[in-house]
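Spelled out from the first residue to the last, the chains are:
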2 protein chains.
Amino acid sequence: MSDYTPPKVWKDESESGGQWASINRPISGATHDKDLPVGKHPLQLYSLATPNGQKVTIMLEELLALGVSEAEYDAHLIQIMEGDQFSSGFVEVNPNSKIPALMDRSGSEPVRVFESGAILVYLADKFGKLLPASGAARTEVMNWLFWLQGSAPYLGGGFGHFYAYAPEKFEYPINRFSMEAKRQLDLLDKQLAENEFIAGPEYSIADIAIWPWYGNLVLGNLYEAAEFLDVASYTHLQRWAKQLEQRVGVQRGRIVNRTWGEDGQLAERHSAADIDAALGKA
Amino acid sequence: MSDYTPPKVWKDESESGGQWASINRPISGATHDKDLPVGKHPLQLYSLATPNGQKVTIMLEELLALGVSEAEYDAHLIQIMEGDQFSSGFVEVNPNSKIPALMDRSGSEPVRVFESGAILVYLADKFGKLLPASGAARTEVMNWLFWLQGSAPYLGGGFGHFYAYAPEKFEYPINRFSMEAKRQLDLLDKQLAENEFIAGPEYSIADIAIWPWYGNLVLGNLYEAAEFLDVASYTHLQRWAKQLEQRVGVQRGRIVNRTWGEDGQLAERHSAADIDAALGKA
């Protein structure tokens, strides 16, 4: 049994947040004054290629692949391990200090959009793509989009943190969140056994939201947990993950705002040519 | 240090989920055949008065208070500790087996709506209330609605689980999730210092989503954590929580689908008179 007894009033005495300790705080708000850069396009994205970041760059590249030229964007790098999300400029766009955050400067007043799910809905409705305008098909996409936004915290902040990042391997949290991760994988597998895409026969923002988390997970790109979670057993989810991996929008979007790993990655994106060059297609 | 080493492949050997162990499973889908009840109104809600459940009953009662008579609904009780969410009927409405779930039978084909956030957007857009139809005001409501859906898992599945429900008091997870809960409370407090409601000067589905979690928390209705998290120090959040507590829609909606605690609560709601009776107003 644990011999820990919580105090009457919690105090921030913990330096033990593991790999992410330096960016977790018990208060919100800016730590320093600094403006954000602004590029030439109407859409200004401030992000990093975590799964939540990938959602938005994939969405923008899918829109461009569909011929929506107004979706041209500048993608600026936010180094979360260095505290860029606590600048006064970033906090103005997203007071929650999380990537991704978007400013739409196409109208008379700039509009801030934060939370990756809200950004997907915003862009889909703005351009009339990847989310039906009304009816049961729209509702089903929204059902699964909200499913992702409420479920991924158990995969990322729960399973991923305790399996991959926490300073020790704690048995109870690992079991708790592995159970939930397996249930989520099984749910998606069953849904994709009956449907080509997450919300039915049409590719949508539900796929774009879910692929960076559960697609990357079953493709072995997250937490080195492929064997532990036996991801090979979710065959329909594997089929879908590989199918989406072949899409031009996914291939282009996933490499934006990356600073780790292999070649073929891109810290910032200011034009299509930046991605062409990174992919060796220039 | 922990002396636990995760196995190569996770296996469900844990019986130690604490208070909720019986309803956590590593697979999805139905465990038994049973149809859901269907009442007389077009809107059929299947739910329980957890914070996520309260969002939807408060929304429906706010709509009725605004004079939207088409928002009349039957609220059926789903006893999650008894596994009602694993019936074949429930899984058809929500394959994720979580409350709340809604069937809209007002059209030629019934439409399923699941995830509390999706239900709020669906009802708001269906009736044209509590969410602006377009523009920056709509975007800001959606920003905060998605903020809630991605943040509450850290409060509920993180802080609440480890502080109140887990079989032992584990120090590291309690510190991790207390840090995040405090940051969220501070963020809301700062937002409500500058704004009457969450997304600005108008009451919206962002307030309706956030109050059942963070309003109940700072009013001392969740996890018996008021002293531990020093909720009294968030004075602007307290002001807002108490202000909303006085609304007719909140007072009526929060008591629906409850089976615990005091008098003045209601297991099922099939007409306004059911709530009048429970509140002693009949």
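Criteria and cut-off values
Residues numbered from 1 in each chain as written. Chains lettered and ligands numbered in written order. Predicted model: local features only at pLDDT ≥ 70, side-chain atom pairs only at ≥ 80, totals over all residues. Heavy atoms only, no water. Least-squares fit on C-alpha atoms with pLDDT ≥ 70 in both. Contact = heavy atoms within 4.5 Å. Domains from an automatic or database assignment. Buried area = accessible area lost by both parts, 1.4 Å probe. Salt bridge = Lys/Arg side-chain N within 4 Å of Asp/Glu carboxyl O. Polar contact = N/O pair within 3.5 Å; in protein donor to acceptor, adjacent residues only side chain to side chain. Pairing = 2+ DSSP bridges. Helix = DSSP H or I, 4+ residues; strand = E, 2+ residues; numbered from the N terminus. Axes fitted to C-alpha atoms, helices over the stretch in contact; angles between N-to-C directions.

J.: Describe the relation of the copies chain B and chain A, naming the residues involved and giving the relevant values.
T.: Each copy superposes on the other: chain B lies on chain A with an RMSD of 0.0 Å after a rotation of 180 degrees and an axial shift of 0.0 Å. Taken together, the rotation angle and the small translation identify this as a two-fold axis. When each C-alpha of chain B is compared by its distance to the rotation axis, G150 of chain B comes out closest, at 2.6 Å. Comparing interface residues between copies, 100% of those in chain B also sit at the interface in chain A, which points to an isologous, same-surface contact.

J.: Provide a residue-level description of the domain arrangement of chain A, including the pertinent values.
T.: Residue and element names in this part refer to chain A. Annotation of chain A at the domain level lists domain 1 (1-130 + 251-282) and domain 2 (135-245). A C-alpha centroid distance of 21 Å is found between domain 1 and domain 2. Listed by partner, the interface residues are 22 residues for domain 1 and 20 residues for domain 2. In this assembly, domain 1 packs against domain 2 so that about 1,800 Å² is buried in total across both faces, 61% of it on carbon and sulfur atoms. For domain 1, the biggest contributors to the area lost against domain 2 are P51, K55 and L130; these three give 29% of the whole. One can count two salt bridges joining domain 1 with domain 2. D125 is paired through a salt bridge with R138; the nearest N and O atoms lie 3.0 Å apart.

J.: Report on the interface of chain B and chain A, specifying residues and quantitative values.
T.: Of the residues lining the interface, 72 residues belong to chain B; the matching set on chain A comes to 72 residues. Carbon and sulfur atoms supply 63% of the area that chain B and chain A bury against each other, a total of about 6,600 Å² over both sides. For the chain B face of the interface with chain A, the top three residues by lost area are W10, F146 and Y172 of chain B, together amounting to 13%. The tally of links from chain B across to chain A stands at two salt bridges. In this structure, R112 of chain B and E140 of chain A form a salt bridge, with 2.6 Å as the shortest nitrogen-oxygen distance. Between chain B and chain A we count 30 residue pairs in polar contact (both at pLDDT 80 or more) in total.

J.: With reference to specific residues and values, describe the sheet that holds strand 4 (residues 111-114) of chain B.
T.: Residue and element names in this part refer to chain B. With respect to topology, four strands assemble into an open sheet ordered 2-1-3-4, the strand pairing being mixed. Each edge of the open sheet is held by one strand with a lone partner, namely strand 2 (73-77) and strand 4. Direction aside, the axes of adjacent strands within the sheet are offset by 20 degrees on average. Here strand 1 (residues 43-47) runs beside strand 2; their pairing, made up of five bridges, is parallel. Each residue of the ladder has a partner; that of L45, found in strand 2, is A75. Sitting on the sheet, helix 1 (residues 51-65) touches strand 1 and strand 2, and the angle it makes with strand 1 is about 150 degrees.

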